[in-house]
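Close look at the chain arrangement
Each chain is listed here by its residues.
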Amino acid sequence: MVQRNILHNILEEKRVSKYAMAYRKNINLKDNAFPHLNNKIILKLDIKNFFDNITFDMVYKTCFREEVYTKSFGVLLTKLCTYNNKLPQGSPASSYISNIVMRYFDEAVG
């Protein structure tokens with residue numbers, strides 16, 4: 001319940017890449033496929049241990065940084081969204097957090 005509140009009241013207001021189609025409201029398979037029409041090559045990646053490789057520091061610096069939140073509040077929010085210094089797979093907020101953390105990567109390869 002706490003992570004859902006963080007997701008709906010804080011995270012969903014944060015910008016993600018226009019290329020990030022996964023884990024977003026009102027985005028479906030057709031929306032994901034449309035930009036790839038008429039492309040000769042499509043790259044699909046499955047990153048091993050993807051969520052485990054998103055660390056506490058990455059979440060803090062991209063989602064709850066000091067420029068927006070007090071340090072103690074940002075650290076608290078980050079602790080509520082991570083487990084053992086990692087982004088837990090399957091939590092309500094993890095998917096959207098991964099889109100925020102990976103925004104610059106998505107823009108670079110998009």
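Right, let's walk through the structure included here. These numbers were taken from a predicted model, which means no experiment stands behind them. (Residues numbered from 1 in each chain as written. Predicted model: local features only at pLDDT ≥ 70, side-chain atom pairs only at ≥ 80, totals over all residues. Heavy atoms only, no water.)

**Quick word on the environment of Gly 74**
Here Gly 74 is to be found in helix α4 (residues 71–81). Look at Gly 74 and you get buried, because its relative accessible area is 0%. (Helix = DSSP H or I, 4+ residues; strand = E, 2+ residues; numbered from the N terminus. Buried < 20%, exposed > 50% of the residue type's maximum accessible area, 1.4 Å probe, protein only.)

**Comments concerning unusual backbone geometry**
Positive phi outside glycine occurs at Asn 84, with the angle close to 55°. Looking at where Asn 84 falls in the secondary structure, it is placed in the loop between α4 and α5 (94–101). Judged by relative accessible area, which is 59%, Asn 84 ranks as exposed. In this model, Asn 85 sits at a positive phi of 70°, which is unusual for a non-glycine residue. Relative to the assigned elements, Asn 85 resides in the loop between α4 and α5. What makes Asn 85 partly exposed here is its relative accessible area of 45%.

**Concerning the packing of helix α3 (residues 56–63) against α5**
Relative orientation of the contacting elements α3 and α5 amounts to 75°, with a least axis distance of 9 Å. The angle between α3 and α5 places the two elements in the roughly perpendicular class. Side by side, α3 and α5 meet where Met 58, Val 59, Thr 62 and Cys 63 of the first sit next to Ile 97, Ile 100 and Val 101 of the second. Among the residues forming the contact of α3 with α5, the class breakdown is six nonpolar, one polar and no charged. (Axes fitted to C-alpha atoms, helices over the stretch in contact; angles between N-to-C directions. Parallel < 35°, antiparallel > 145°, perpendicular 65-115°, else oblique. Contact = heavy atoms within 4.5 Å. Nonpolar A, V, L, I, M, F, W, Y, C, P; charged D, E, K, R; others polar.)

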